[in-house]
Amino acid sequence: MAQGKPRLVIVGSGWAGFYISQHIDLSIYSPIIISPRRTSAYTPLLASAATGLFNFYLAEDSVRSKSRSLVKFIKANVLDVDFSSKSVHCAPAFEEDEVLSRQEFTVDYDILILAPGCEPNTFNTPGIRKQLFDLLEKASLPNVSDQHARDLLHIAIVGGGPTGIEITAELSDLCKSEIADLYPDVAKFMTISIYDVAKNILSAYDTKLHDYATQRLVDRGIDVATGTVIEEVGRDYLTIKGRGRNVSLVEKLDVLLNDKGLKRIQTDDRLRVFIYQSTPEGEKPTSIHPNVYALGDAADITHASLPTTAEVAVQKAKYLHDGVIAGKGPDHPGWTGQAAWLAWRSGSLMWNRNWRSRFAIVLTWALNKVFGSEIAKI
Ligand SMILES: Cc1cc2nc3c(=O)[nH]c(=O)nc-3n(C[C@H](O)[C@H](O)[C@H](O)COP(=O)(O)OP(=O)(O)OC[C@H]3O[C@@H](n4cnc5c(N)ncnc54)[C@H](O)[C@@H]3O)c2cc1C
């Protein structure tokens, strides 16, 4: 206990951990958030930021804030949890300082909330912009043939889930606007393919939506290669079962999030972490760890699996915080066309958690509209 208040340790500063840290009653709890990241990324905004729609700093929020200075932050990776002594074992997260990174320590908890996500910083989304413009410059060299330019400017998106589709649409917009203006000689060589092993893109959604999305992408000249088995992905190539193919820029967007083999922490429907014990039928949950909860992408409710999305992470965080499951939104019939575009773009605002950033995003959109995007200035 810190000053008579229970010490609430939150592992991870993503959607789930950040929500709890920003809403927990500081007069009752003494929260400590442990994460290698000082900020929390608005992941749904990364695709737009990656294609230059607004600056990356608008797609993240700082864990430390003046108004919630009682929330302590420790920049570290949690390596292990000792449930018997109620402590977490940590290593400082400073890659550039190896000596410091080896000076491990423990932090005691009264209540533990595990929200480390499924894979930190795997998607490397910020790299797209620079790579793309380097490729455009290469393709523009006077000694590069048309065929070589075509090979250089074939973009492959692996994964036809929401993230893959979003980045595809953003890249396609970029090709038709800024790239066409800035690189008139080579823009025509640019092609985009989206690969998915499933029969349809957006396969988790209803037929109407994936048919509509496929048609829209095909109309934009995008190669939608569903039912495609990718055997190997390298930095600048991928091998497709049955037909080898070389591409220049490969973005693995949904692959890890949708990885069926991902091992998630199992909880009951109150997000309490199960204790497993060996039984003749194998490992079985027999009881729960007192005061230990898990949520976000890292966790799943046994027999009631939910998708790994920011919405679910926040809903579970709200549930844990409020003690009640968040109500469902209105039963909207669904958007298409201009209305969908507007809803999607305004989504960028709603995902964001502070008004300063929302204002800056709107201002950037307006500036982009009038003066063009700053995409090439990197
Ligand atoms: C590019 C992209 C776009 C997306 N778009 C959408 C979308 O449009 N809609 C939607 O609903 N979802 C979207 N998602 C999915 C959504 O971002 C995740 O479901 C959500 O981030 C999960 O939240 P979380 O808190 O569980 O984990 P995360 O947000 O991943 O946060 C995990 C945190 O834990 C920290 N951490 C990791 N390991 C440790 C450790 N050992 N010790 C301490 N801290 C640790 C990490 O640094 C990070 O701060 C998108 C994801 C990506 C990558």
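Let us look at the structure shown here. Treat the numbers as computed from the prediction; the structure is a model and nothing was measured.

Helix and strand counts for the protein chain stand at ten helices and 19 strands. Here the protein chain holds 378 residues, and the buried ones make up 44% of them. Once local pairs closer than 6 in sequence are excluded, the contacts in the protein chain between residues at least 24 apart make up 63%. When the accessible surface of the protein chain is summed, it comes to about 20,900 Å², and 54% of that surface belongs to carbon and sulfur atoms.

The next thing to look at is the side chain of D268. Mapping D268 onto the fold places it in the loop between β16 (265-267) and β17 (272-279). Accessibility expressed as a relative area gives 12% for D268, which makes it buried. One polar contact links the side chain of D268 to the main-chain amide nitrogen of R270, over a distance of 2.9 Å. Here R272 takes part through its side chain, which lies 2.8 Å from a polar atom of the side chain of D268. Not counting residues up to four positions away in its chain, the partners in contact with D268 are F274, I288 and I301.

The next subject is the packing of aromatic side chains. Here the structure, examined in full by the defined rule, presents three aromatic pairs. Seen from their ring centres, W15 and Y42 are 6.0 Å apart, and the 55° between their planes marks the pair as tilted. Note that W15 is positioned in helix α1 (residues 15-23) and Y42 in the loop between β3 (39-41) and α2 (46-50), a separation of 27 residues in sequence. With a centroid separation of 6.5 Å and 85° between ring planes, the pair formed by F274 and Y276 is classed as edge-to-face. Stacked on the ring of F94, the Lys or Arg K75 has its end atom at 5.0 Å from the ring centre.

Time to look at the nonpolar core. Residues L8, I20, F54, I113, L271, L295 and L320 are the most contacted members of the largest nonpolar core, which totals 35 residues. When contributions to this core are tallied by element, the ones reaching two or more residues are β1 (7-11), α1, β8 (111-114), α8 (310-322) and α10 (355-371). Excluding its chain neighbours within four sequence positions, the residues that come into contact with L271 are V292, Y293, A294, L295, I301, K316, Y319 and L320. The next biggest cluster of nonpolar side chains, apart from the first, holds 32 residues, and it includes A149, L174, C175 and I179.

Lining the immediate environment of the ligand, one finds 29 residues, of which A16, T43, V78, D297 and T309 sit closest. The contact in question runs from an oxygen atom of the ligand to an N or O atom on the backbone of A16, over 2.8 Å. Within the backbone of E311, a nitrogen or oxygen atom sits 3.3 Å from an oxygen atom of the ligand. Isolated, the ligand exposes 990 Å² of accessible area, and the fraction of that covered by the protein chains is 87%. Where the shell around the ligand is concerned, the elements lending two or more residues are α1, β2 (30-35), β5 (72-82) and α8.

About the cut-offs
Residues numbered from 1 in each chain as written. Predicted model: local features only at pLDDT ≥ 70, side-chain atom pairs only at ≥ 80, totals over all residues. Heavy atoms only, no water. Helix = DSSP H or I, 4+ residues; strand = E, 2+ residues; numbered from the N terminus. Buried < 20%, exposed > 50% of the residue type's maximum accessible area, 1.4 Å probe, protein only. Contact = heavy atoms within 4.5 Å. Areas by Shrake-Rupley, 256 points an atom, 1.4 Å probe, with all protein chains shown as cover. Polar contact = N/O pair within 3.5 Å; in protein donor to acceptor, adjacent residues only side chain to side chain. Phe/Tyr/Trp six-rings, centres within 6.5 Å; stacked < 30°, edge-to-face > 60°. Lys NZ or Arg CZ within 6 Å of the ring centre and 35° of its normal. Core = buried A, V, L, I, M, F, W, Y, C linked by side-chain atoms within 4.5 Å. Near = heavy atom within 4 Å.

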